[in-house]
Amino acid sequence: MPITARRKAATAPATAAISRLRPAHRMARPIASQSSQRRVGVAATVSYANAVADVELFFRALRYAYGAYYYFGGDDAFFAARDKVLASLKGKSSISGKALSELIFSQILFMKDSHFSINNMRTTEDRSVRYEYCFCRGQAFAKDENGYYKMIGGKKWYFVSCSDSTVALEPTLLSTGELCYSPVRFRPLQGAAADDTLLLQSESGTRTESIHWELSVPYVEGGSLVPDIELLRSRDIVYISERNFNKHFSEELNRFAATGADVRNAKLIIFDIRSNGGGQSQYIQDWIENYSGIRPQQKECAATRHTALSLYESVAVGEEYYSHALLPGKVIENDTPFLVLVDDRCGSSGESALTMLHTLDNVISIGGNSAGFQIGHNVAGFSLPRSGISFQMCCGIGFLNHIENVDHKGYAPDIWCDPTDALSAALLMAKRYGLAEAKDLQGLQAQLRESEERHRTITLKTGRDTIQAMDGFGFDWGTGYYDVCVDGVKTGDFTVSCADPSVCSVRNVNGRLCITVVNGGRDCYITVKCGQSSADFRFHC
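Here the structure is a predicted model, which means the values were calculated and not measured. Starting from 1, residues in each chain are numbered consecutively following that chain's sequence as written. For this predicted model, a pLDDT threshold of at least 70 governs which residues receive local features, and a threshold of 80 or more governs which side-chain atom pairs are given and counted, while totals over whole chains, interfaces and linings are taken from all residues. With hydrogens and water stripped out, all remaining heavy atoms of the structure feed into the side-chain values.

Undergrad: In this structure, what is going on with a nonpolar patch on the surface? I would like to understand it.
TA: Like charges are joined within 9 Å and nonpolar side chains (Val, Leu, Ile, Met, Phe, Trp, Tyr) within 5 Å, but only among residues with over 30% relative accessible area and no salt bridge; these make up the patches. Reported accessibility uses the Shrake-Rupley method at a 1.4 Å probe radius. Residues are deemed covered only where the shown protein chains occlude them. Salt-bridge detection follows one rule: a side-chain nitrogen of Lys or Arg within 4 Å of a carboxyl oxygen of Asp or Glu. A surface patch of nonpolar side chains, about 240 Å² in accessible area, is lined by Leu179, Tyr433 and Leu435. By definition, any uninterrupted DSSP run of H or I lasting at least four residues is a helix, any uninterrupted run of E lasting at least two residues is a strand, and each is numbered from the N terminus. Within the secondary structure, Tyr433 sits in the loop between helix H9 (422-432) and helix H10 (438-452).

Dropping the structure here:
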């Protein structure tokens, strides 16, 4: 049974964390009254006095309500960051809202929390800390009692080392469906070379081989905000794709959850959560319960700060409290093989789907690392009153299976594979290793080919830059033009709409996407449709 607790801060024992929090309670009313949960637009110019007031309010809000405040160093770290920002403001009569947000951001890079953002900037996007998956082609190794080897000229040549000491031979699925061990580089790209050298050894001596690294890219299927659920079945093999758990599509997601009961008799399930951007984890919990008859439970420790800044509840000033949960986790018996496809756009509750599916027996994840949106939960967004700077923070903090912050690297898969090849490779693997009958696989492949036409990849291009679906882009004022591409090919045959016409106007002008800023300082989503496919892009100005 889970162990949960609920303690009012005013009456709880004087633990270190709560005693440090108490002084901030006196700030609850001004913080809650001054911070807005509505985006108001970044000010073009902020006076020195207003900039100082907003900086102090920002750090007070973190101290009062941010779930990972003490994990990332507490007062020592955050007061030092605040003081450096204030010192940088001295001597300035004014500063732009954008420059102020960048100044604050430059001092909080120690916060490795992917959900946290300030004016759409995230600390985990720093290439010096963000882990990336790189793979190479033409290097397939087997393993025996002496180590990893490959056959060359009828001889076993064993792996000795790589010029990059971080490289390891990991279980890998090739595009041909063959399982092997292959060099994997999984680390920040800063200072990384495009090529490395392997040292091999046999009875006759040593040799070197050069390997060329390729940076994996996520599988982006259309990029629409809608969940875009697909369930295909060919007799005993089932393919399920789910691209997000946005609660605004609860009716569709509840239908998805109900399908768990429909596939209990399948002999192979391919569960595709590549590019799943998250939302609410209840839907994958419901799916697993409908499939197995048991509510999934992960090994987890978590805590939440309940304050006047909480998004989902109203807590009176002076009545703040912590709640926490310690869950031992449990494994659910399951005889049906699951192949879960994942990439580094699978984040937040998309990653919850990954970890919760692993509470079932016989589940293997294939692809790249996940996005790494895990340490925080219960996200709330705010705007500072004088500068209009927006920020979002999590009121809760949690860890799964072990106390490690994965927000700068995500979860590694059980079997590495180029994410764009993961589905076709998984089908070939199922055929090669007898996980499904050939006629079932052929039937599913035919259905997938029909589905591809509805899920073509739409991108925007301007100059040398390519904007993927769900990426943020924009400009401060005026009009901009973008080429629309489908599967990398430019097209003028598209329609476009804007979720908030008060922010910008959008048109198809002579086969190009034309965007004109109407009222800057806010975000909105732009939807581009080409035939049966659509994609959403986040525009900010």
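Past the structure itself, the notes keep going.
Undergrad: Would you mind showing me how to read the packing of aromatic side chains here?
TA: Any pair of aromatic rings gets described here by the distance separating the centres and the angle formed by the planes. Each Phe, Tyr or Trp ring, with Trp reduced to its six-membered ring, pairs with another whose centre is within 6.5 Å; inter-plane angles below 30 degrees give stacked pairs, above 60 give edge-to-face pairs, and intermediate values give tilted ones. Evaluation of the coordinates by the stated rule reveals 27 aromatic pairs. Between Trp287 and Tyr291, the ring centres sit 5.4 Å apart and the planes meet at 10°, which makes this aromatic pair stacked. Note that Trp287 and Tyr291 are positioned in helix H7 (residues 282-292) at a spacing of 4 residues, about one turn of the helix. When sorted by exposure, Trp287 lands in the same class as Tyr291, which is buried. An aromatic cluster of three or more residues is present, and its members are Phe58, Phe59, Tyr66, Tyr69, Tyr70, Phe78, Phe110, Phe116, Phe382 and Phe391. One Lys or Arg, Lys156, reaches over the ring of Tyr149 and ends 4.5 Å from the middle of that ring. Over the ring of Tyr131 we find Lys409; its NZ or CZ atom is 5.1 Å from the centre of that ring. Accessible area is worked out with a 1.4 Å probe on protein chains only. A residue is then buried under 20% of its type maximum, exposed over 50%, and partly exposed in between. Only when the NZ of Lys or the CZ of Arg is both within 6 Å of the ring centre and within 35 degrees of the ring normal is a charge said to sit over the ring.

Undergrad: Even after reading the chapter, I still don't get the state of the cysteines, so can you show me in this structure?
TA: Counting rule for disulfides: a pair of cysteine sulfur atoms within 2.5 Å. Under the criterion given, the structure shown has 0 disulfides. Cysteine Cys180 shares no disulfide, and the gap to the nearest cysteine sulfur, in Cys136, comes to 9.3 Å. Just so you know, Cys395 is unpaired, no disulfide at all, and the nearest cysteine sulfur is the one on Cys394, 7.6 Å from it. Since its relative accessible area comes to 3%, Cys395 is described here as buried.

Undergrad: What am I meant to see in the sheet that holds strand S11 (residues 195-202) here?
TA: Within a beta sheet, neighbouring strands are joined by backbone hydrogen bonds and run either parallel or antiparallel to one another. Two strands are said to pair when DSSP picks up at least two bridges between them. Taken in spatial order, the 5 strands line up as S6-S7-S8-S11-S12 in an open sheet, and their pairing is antiparallel. The sheet is open, and its two edges are formed by strand S6 (142-144) and strand S12 (205-212), each paired on a single side. Between one strand axis and the next, the sheet turns by 45° as a mean value, whatever way the strands run. Bridging between strand S8 (residues 155-162) and S11 involves 4 bridges; their strand directions are antiparallel. Residue pairing across strands places Ser161 opposite Leu199, the latter belonging to S11. An axis is simply a line fitted to the C-alpha atoms; with a helix, the fit covers only the stretch in contact. Between two such axes, the angle follows the N-to-C directions and lies from 0 to 180 degrees.

Undergrad: What am I meant to see in the environment of Glu333 here?
TA: Mapping Glu333 onto the fold places it in the loop between strand S18 (321-328) and strand S19 (338-342). Since its relative accessible area comes to 75%, Glu333 is described here as exposed. For the pair Glu333 and Leu360, spaced 27 residues apart in sequence, the C-alpha separation works out to 6.2 Å.

Undergrad: Would you explain the layout of surface pockets in this entry?
TA: A probe matching the size of a water molecule, rolled over the atoms, marks out where space remains unfilled. The calculated volume of the second largest pocket comes to roughly 490 Å³. The element contributing the most residues to the lining of the second largest pocket is helix H5 (residues 97-106), with 4 residues. Classes in brief: Ala, Val, Leu, Ile, Met, Phe, Trp, Tyr, Cys and Pro nonpolar; Asp, Glu, Lys and Arg charged; the others, Gly included, polar. Of the residues contributing to the lining of the second largest pocket, the split by class is 7 nonpolar, 10 polar and 6 charged. Buriedness of a pocket was judged along seven lines, with at least five required to meet protein on both sides within 12 Å; pockets are open sets of points on a 1 Å grid over the protein atoms alone, cavities are sets where a 1.4 Å probe fits but cannot get out, and lining residues have an atom within 4 Å of a point. Grid points are joined across faces, edges and corners, and a volume is the space filled by probe spheres set on the points.

Undergrad: It is not clear to me how the packing of H7 against helix H8 (residues 349-357) should be interpreted in this structure. Could you clarify?
TA: Between two packed helices, both the angle of their axes relative to each other and the distance between the axes serve to describe the pair. The geometry of H7 relative to H8 is characterised by a closest axis approach of 9 Å and an angle of 25° between their N-to-C directions. The angle between the axes of H7 and H8 places the two elements in the roughly parallel class. Where H7 crosses over H8, the handedness of that crossing is right-handed. Counting all contacts with H7, which are made through Ile284, Gln285, Trp287 and Ile288, the residues of H8 involved are Ala353, Met356 and Leu357. Taken together, the residues of the contact of H7 with H8 sort by class into 6 nonpolar, 1 polar and no charged. Working rule for angles: under 35 degrees goes down as roughly parallel, over 145 as roughly antiparallel, 65 to 115 as roughly perpendicular, anything else as oblique. Less than a right angle of anticlockwise turn of the near helix away from the far helix marks a crossing as left-handed, whereas a clockwise turn marks it as right-handed. Any pair of residues with heavy atoms lying within 4.5 Å of one another is described as a contacting pair.

Undergrad: Even after reading the chapter, I still don't get the pairing of strand S30 (residues 504-509), so can you show me in this structure?
TA: Across a regular strand the side chains alternate sides, sitting on one face of the sheet and then on the other. Of the pairings in the sheet, the one linking S30 to strand S31 (residues 512-517) comprises 6 bridges and is antiparallel in character. Paired with Val506 across the bridge in S31 is Ile515. Counting the residues that bridge the hairpin from S30 to S31 gives 2 residues, and of these Asn510 lies at a positive phi of roughly 55°.

Undergrad: Is there a simple way to think about unusual backbone geometry in this case?
TA: Negative phi values dominate among residues other than glycine, just as trans dominates among peptide bonds. With a phi angle near 50°, Asn119 is a residue other than glycine that sits in the positive phi range. By the secondary structure assignment, Asn119 is in the loop between strand S4 (117-118) and strand S5 (131-135). Classification of Asn119 as buried rests on a relative accessible area of 16%. The residue Asp487 is not glycine, and still its phi comes out positive at about 50°.

Undergrad: Would you take a moment to explain the pattern of salt bridges for this structure?
TA: A side chain with one charge may pair with a side chain of the opposite charge, provided their charged atoms come close. What the rule picks out here adds up to 23 salt bridges. Across the salt bridge formed by Asp196 and Arg185, the nearest N and O atoms sit 3.5 Å from each other. Of the two residues, Asp196 sits in strand S11 while Arg185 sits in strand S10 (residues 179-188), which places them 11 residues apart along the sequence. The salt bridge involving Arg274 is made with Asp272; its shortest N-O contact spans 2.8 Å. Residue Arg274 is classed as buried on the basis of its relative accessible area, which comes to 1%. Connected through shared salt-bridge partners, Arg137, Glu214 and Asp418 make up one network.

Undergrad: Where do I start with the sheet that holds strand S29 (residues 495-498) in this structure?
TA: Within the open sheet, the 4 strands sit side by side as S26-S33-S32-S29. Their pairing is mixed. Looking along the sheet, the strands with just one partner apiece sit at the ends: strand S26 (472-473) and S29. Sheet topology note: the strand S32 (residues 523-530)/strand S33 (residues 533-540) ladder contains 8 bridges and is antiparallel. In the sheet register, Asp523 faces S33, and the bridge partner there is His540.

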